[in-house]
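# Structure assessment
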Amino acid sequence: ELALKDRVLKNRWKLVHKFVLDELSEDQRVGGAIFWRAIDERTGLNFFVKIYPKFEDSELDTEARKLFINERKMAKKARTHLPTVLQIVDSGEADDLRFLVYPMINGKSLGSRLLSAKTLLEGLTIYEQALSMVAEIHRQNIIHNDLSPNNFLVDDTDEVRLIDWANALEPSDDVETVMGSMVT
C-alpha cells in the first residue's frame, strides 16, 4: 500500500488519515480507490481525498484511470444540474496515484441516517430527497450506475449528497439498449 500519511499533494492537500465512509468496507473499494481526510494547508480546513492508486499491471491501471477521468467528468456535469452533488475542489496525478479532492461532509450514509430517523416522516423526507436527485439526473440524461445507500451522504442538516460518479454514464438516445446491456 502507498505510504500516504503526512504526504502533501500539489503543495496543498496534506493527507492526515485514511478513513472508511460509514459501513463501506475497504474490500468494497471501486477501482482500488481509497479515502483520506486531508487538511488544506492554505486554509486549515478539512477535505476528503479520493485516491486512485496507479497499478503496475497496465490493464488494471487503464481501468483505474478510466474511472478517475469519468468520475471527474460526470461529477462536474451532474453538479451543473444539481447543486447538491459534491463539487470536486481539485484533482491531479502524481507518479504513483491520481486524486480527487472533495469538501468534507460531516454526516452518515443514507442507510445509516434512515436507520437513525426518529420518525417515519423524518426518514421519508430524507429518502424523498435521494429519489428527487436520481430523478433529476435522469432527466439530464445521466445514469449514476452505482446507486446504493453508501453513495448518498446525509450531512448534519439532513441535506442529501450523491457521491461516487466513477461508473456514471450518458446513454445514447436509445436508452432501452443501454439499460438492457446494464441488466444482462
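Residues numbered from 1 in each chain as written. Predicted model: local features only at pLDDT ≥ 70, side-chain atom pairs only at ≥ 80, totals over all residues. Heavy atoms only, no water.

## Observations regarding the overall build of the chain
Regarding its fold elements, the chain presents four helices and nine strands. Element order for the chain, N to C, with α for helix and β for strand: β-β-β-β-α-β-β-β-α-α-β-β-α. Taken over 184 residues, the chain has a buried fraction of 42%. Across the chain, every contact between residues at least 6 apart in sequence was considered, and the portion connecting residues at least 24 apart equals 57%. (Helix = DSSP H or I, 4+ residues; strand = E, 2+ residues; numbered from the N terminus. Buried < 20%, exposed > 50% of the residue type's maximum accessible area, 1.4 Å probe, protein only. Contact = heavy atoms within 4.5 Å.)

## Here's the deal with helix α3 (residues 120-139)
Three- or four-residue spacings in an α-helix give side chains the same orientation, since the helix completes a turn every 3.6 residues. In this model, α3 (20 residues) spans 28 Å end to end at C-alpha, consistent with the 28 Å of a helix rising 1.5 Å per residue. Among all positions in α3, only G123, I126, A130, M133, V134, E136 and I137 are buried. Seen from one end, α3 has its buried residues packed into an arc of 170 degrees, which puts them on one side. Exposed side chains of α3 directed beyond 90 degrees from the buried face belong to L120, L121, E128 and R139. (Expected span 1.5 Å × (residues − 1). Arc of directions from axis to C-beta.)

## Comments concerning the sheet that holds strand β7 (residues 107-109)
The three strands lie next to each other as β7-β8-β9, forming an open sheet whose pairing is antiparallel. Each of the sheet's edge strands pairs with one partner strand only, and the pair in question is β7 and β9 (160-162). Adjacent strand axes in the sheet meet at a mean angle of 30 degrees, parallel and antiparallel pairs treated alike. Strand direction decides the pairing type here: strand β8 (residues 152-155) and β9, joined by three bridges, are antiparallel. When the sheet's bridge partners are listed, F152 is paired in β9 with L162. (Pairing = 2+ DSSP bridges. Axes fitted to C-alpha atoms, helices over the stretch in contact; angles between N-to-C directions.)

## Quick notes on the pattern of salt bridges
For the structure shown, the criterion picks out 16 salt bridges. Here K77 and E170 are joined by a salt bridge, their closest N and O atoms 3.1 Å apart. Of this pair, K77 sits in helix α1 (residues 58-81) while E170 sits in the loop between β9 and α4 (175-183), and the two are 93 residues apart along the sequence. The salt bridge partner of D158 is R113, with a shortest N-O separation of 2.8 Å. Highlighted residues: D158 in the loop between β8 and β9 and R113 in helix α2 (residues 110-115), separated in sequence by 45 residues. Taking the relative accessible area as the measure of exposure, D158 reaches 22% and is therefore partly exposed. Through salt bridges with shared partners, a single ionic network connects K54, D61, R65, E93 and R98. (Salt bridge = Lys/Arg side-chain N within 4 Å of Asp/Glu carboxyl O.)

## Some details on the sheet that holds strand β5 (residues 90-93)
The strand order across the open sheet built from six strands is β1-β2-β3-β4-β6-β5, with neighbouring strands paired in antiparallel fashion. What marks the edges here is a single partner per strand, and that holds for β1 (8-9) and β5. Pairing analysis gives seven bridges linking strand β4 (residues 46-53) to strand β6 (residues 97-103), with the strands arranged antiparallel. Within the sheet, the bridge partner assigned to F47 lies in β6 and is P103. Packed on one face of the sheet, α1 meets β4, β5 and β6 and runs near 25 degrees to β6.

## Things to note about the nonpolar core
Where a protein is soluble and globular, its nonpolar side chains tend to be buried together. F48, Y52, Y102, F152, V160 and W165 are the most contacted members of the largest nonpolar core, which totals 34 residues. Counting residues per element, the ones that place at least two in this core are β4, α1, β6, α3, β8 and β9. Once residues within four sequence positions are removed from consideration, Y102 is found in contact with F47, F48, K50, E71, A75, L86, Q87, I88 and V89. (Core = buried A, V, L, I, M, F, W, Y, C linked by side-chain atoms within 4.5 Å.)

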